[in-house]
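Listed below, chain by chain, are the residues.
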Amino acid sequence: MKAIGLITVFSLGMALFYATIDFPPWADPQSPASLHVSPHYIQETMKETDVSNVVTSVLADYRGFDTMFETSVIFTAGIAVILILRKYSKKEDEKFLPEVSEEAEPDIIIQTVTRIIVPFIQLFALYVIAHGHHSPGGGFQGGVILGASFILLAISFNLKAMLRRISERKDILLGGIGLLIYSGIGALCVLLGANFLNYKVLHLIIPEASQVEARSYGILGVEIGVAIAVMAIMIAIYANLSSDGKYDKGL
Amino acid sequence: MIWQFDLIILALVVISAIAAITIKDLLSAGVILGAYSFLMCLLWTEMGAVDVAFTEASVGAGVSTVFMIAAVYKTTRRTKD
């Protein structure tokens, strides 16, 4: 069995290596991507979208449809985890008993440090989301950092302490709302008479914004949606994994 | 790009990847996978893809390591194979 696996992996790897021969050479200025697509994005981003970070403008504006479905992939993954792991009955499942069963003493140093540091983590996450236009960062990273702050709370206290701040119902609702913000902004563009996710027309409803600035605001809006969805799904996955779907004490 | 850094980080990435799949203790494998993600993050930064590095640091090295450890904690620590 192991030999078959090795042969499969080896031949598949060889096939992939063979396929790379067809690629244009690395950093070739004559390759199709460097001739038309990249120069347009690099030179016109500032003029067209008012966003200085090219990665953000490509991710949320030029390729906004891709990012919307990336967000829905994360949402679907979270829903799948909840469907598989969540248990609503109180009955004990004896199939997997954790090897470490003794309760750890709550540590005052860890809890105090967590209490001090969590607000700063969340503030940094908001900065990452809002400053994604001009520096590395954006909705995904900021959302993950926001989710990580809640996970830190759940690890250093217990899951109940986290659920008091963000309940299961609220969390899953937030996941849906995040995705709804993204697709809602897209649908709003359709209602205003442009293509789906063409933020240019948002200048009709944002006061004192030109078409270029409207694109910048549209990007900010979808980043916020992504961040909310990612945060909620990260928390939901952690809560289900750590409490075996029972939402009790957790780890 | 400094090729000496590239070489050292790439060697460490390969070493930690091999260590993560050969080690028997699943908890250690999870932690080594976190180290692997962090080294990949360094490699992305070194190649100038800072946005990808940021994502790798937060998702790969941060949250997914926690998920791995939570999953190991709730199942078993030893592999069967």
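Rules of the game
- Residues numbered from 1 in each chain as written.
- Chains lettered and ligands numbered in written order.
- Predicted model: local features only at pLDDT ≥ 70, side-chain atom pairs only at ≥ 80, totals over all residues.
- Heavy atoms only, no water.
- Helix = DSSP H or I, 4+ residues; strand = E, 2+ residues; numbered from the N terminus.
- Rg over C-alpha atoms; globule rule 2.2 N^0.38 Å.
- Buried < 20%, exposed > 50% of the residue type's maximum accessible area, 1.4 Å probe, protein only.
- Contact = heavy atoms within 4.5 Å.
- Areas by Shrake-Rupley, 256 points an atom, 1.4 Å probe, with all protein chains shown as cover.
- Lys, Arg positive; Asp, Glu negative; His and termini not counted.
- Charge placed at Lys NZ, Arg CZ, Asp CG, Glu CD.
- Patch = residues over 30% accessible without salt bridge, like charges linked within 9 Å, V, L, I, M, F, W, Y side chains within 5 Å.
- Salt bridge = Lys/Arg side-chain N within 4 Å of Asp/Glu carboxyl O.
- Buried area = accessible area lost by both parts, 1.4 Å probe.
- Polar contact = N/O pair within 3.5 Å; in protein donor to acceptor, adjacent residues only side chain to side chain.
- Nonpolar A, V, L, I, M, F, W, Y, C, P; charged D, E, K, R; others polar.
- 1 Å grid on protein atoms, 1.4 Å probe; cavity = no way out; pocket = protein on both sides within 12 Å on 5 of 7 lines; lining within 4 Å.
- Points joined across faces, edges and corners; volume = space filled by probe spheres on them.
- Expected span 1.5 Å × (residues − 1).
- Axes fitted to C-alpha atoms, helices over the stretch in contact; angles between N-to-C directions.
- Parallel < 35°, antiparallel > 145°, perpendicular 65-115°, else oblique.
- Core = buried A, V, L, I, M, F, W, Y, C linked by side-chain atoms within 4.5 Å.

(A) Representation of the overall build of chain A in the model. Regarding its fold elements, chain A presents nine helices and zero strands. Helices and strands in chain A line up, N terminus first, as α-α-α-α-α-α-α-α-α. A compact globule built from 251 residues would reach a C-alpha radius of gyration of about 18 Å, whereas chain A, at 23 Å, exceeds it by more than 25%. Dimensions of chain A, computed from C-alpha atoms along their principal axes, come out at roughly 60 × 60 × 35 Å. Taking all 251 residues of chain A together, the buried fraction comes to 37%. In chain A, the proportion of contacts linking residues at least 24 apart, taken out of those at least 6 apart, comes to 65%. Approximately 14900 Å² of chain A is accessible, and the part contributed by carbon and sulfur atoms is 69%. Once the 18 positive and 23 negative side-chain charges of chain A are each reduced to a mean point, those two points are 9 Å apart.

(B) How the structure looks around a nonpolar patch on the surface. Residues and elements named next belong to chain A. A surface patch of nonpolar side chains, amounting to about 370 Å² of accessible area, comprises Phe65, Phe69, Val190 and Phe196. Within the secondary structure, Phe65 is located in helix α4 (residues 64–85). Phe65 gets classed as partly exposed once you look at its relative accessible area, which sits at 48%.

(C) Examining the interface of chain B and chain A more closely. Taken together, the contact between chain B and chain A spans 17 residues of the former and 26 residues of the latter. Across the chain B to chain A interface the summed buried area is about 1900 Å²; carbon plus sulfur atoms make up 75%. The interface formed by chain B and chain A includes zero salt bridges. Linking chain B with chain A are three residue pairs in polar contact (both at pLDDT 80 or more), by the criterion used here. Looking at side-chain class alone, the side of chain B that touches chain A contains 10 nonpolar, four polar and three charged residues.

(D) Local environment of the layout of surface pockets. A volume near 420 Å³ is recorded for the second largest pocket. Every residue lining the second largest pocket is counted, 27 residues in all, and those nearest its centre are Leu59(A), Phe140(A), Gln141(A), Asp51(B) and Thr55(B). Of all the elements in the fold, those that place two or more residues in the lining of the second largest pocket are α3 (54–62), α4, α6 (139–156) and α9 (211–242) of chain A together with α3 (50–74) of chain B. Residue composition of the lining of the second largest pocket, grouped by class: 16 nonpolar, eight polar and three charged.

(E) Summary view of α9(A). Residues and elements named next belong to chain A. The end-to-end C-alpha distance of α9, which contains 32 residues, comes to 47 Å, matching closely the 46 Å that a straight helix rising 1.5 Å per residue would cover. Summarising burial for α9: 25 of the 32 residues are buried, a large majority. In the segment just after α9, Asp244 is the residue with positive phi, at about 60 degrees.

(F) Local environment of the packing of helix α5 (residues 108–130) of chain A against α6(A). All names here are of chain A. α6 packs onto α5 with a crossing angle of 170 degrees between their chain directions and a minimal axis gap of 8 Å. Relative to α6, the element α5 lies roughly antiparallel. Across from Ile110, Gln111, Thr114, Ile117, Val118, Ile121, Gln122, Phe124, Ala125, Val128 and Ile129 in α5, the residues of α6 making contact are Gln141, Gly142, Gly143, Ile145, Leu146, Ser149, Phe150, Leu152, Leu153 and Ser156. Taken together, the residues of the contact of α5 with α6 sort by class into 13 nonpolar, eight polar and no charged.

(G) Representation of the side chain of Glu46(B) in the model. By the secondary structure assignment, Glu46(B) is in helix α2 (residues 26–46). Among buried Asp, Glu, Lys and Arg side chains, Glu46(B) stands out as unpaired, with Arg63(A) the closest opposite charge at 27 Å. Once you skip the residues sitting within four places of it in the chain, Glu46(B) turns out to touch Met1(B), Ile2(B), Phe5(B), Asp6(B) and Ile9(B).

(H) Main features of the pattern of salt bridges. Residue and element names in this part refer to chain A. Counting across every chain of the model gives five salt bridges over all chains. One salt bridge connects Lys47 with Glu44, and the closest N-O pair in it is separated by 3.7 Å. In this pair, Lys47 and Glu44 both sit in helix α2 (residues 32–49), three residues apart, roughly one turn of the helix.

(I) Focus on unusual backbone geometry. All names here are of chain A. Located in the positive-phi region is Asp244, a residue other than glycine, with phi close to 60 degrees. Looking at the element boundaries, Asp244 is found in the segment after α9. Since its relative accessible area comes to 17%, Asp244 is described here as buried. If you check the backbone angles, Tyr247 has positive phi at about 55 degrees while not being a glycine. Counting through the fold element by element, Tyr247 comes out in the segment after α9.

(J) Summary view of the nonpolar core. Residues Leu159(A), Met162(A), Tyr182(A), Tyr199(A), Tyr238(A) and Phe67(B) are the most contacted members of the largest nonpolar core, which totals 44 residues. If you list the elements that add at least two residues to this core, you get α5, α6, α7 (159–165), α8 (168–191) and α9 of chain A together with α3 of chain B. Here this core gets 14 residues from one element, more than from any other, and that element is α9(A). Ignoring sequence-local partners within four residues, the contact set of Tyr182(A) consists of Ala60(A), Gly64(A), Thr67(A), Met68(A), Thr71(A), Leu197(A), Tyr199(A), Val222(A) and Val226(A). Formed by five residues, the second largest nonpolar core is a distinct cluster that contains Ile9(B), Leu39(B), Met40(B) and Leu43(B).

Everything listed here is a matter of coordinates, which is why it stays silent on function.
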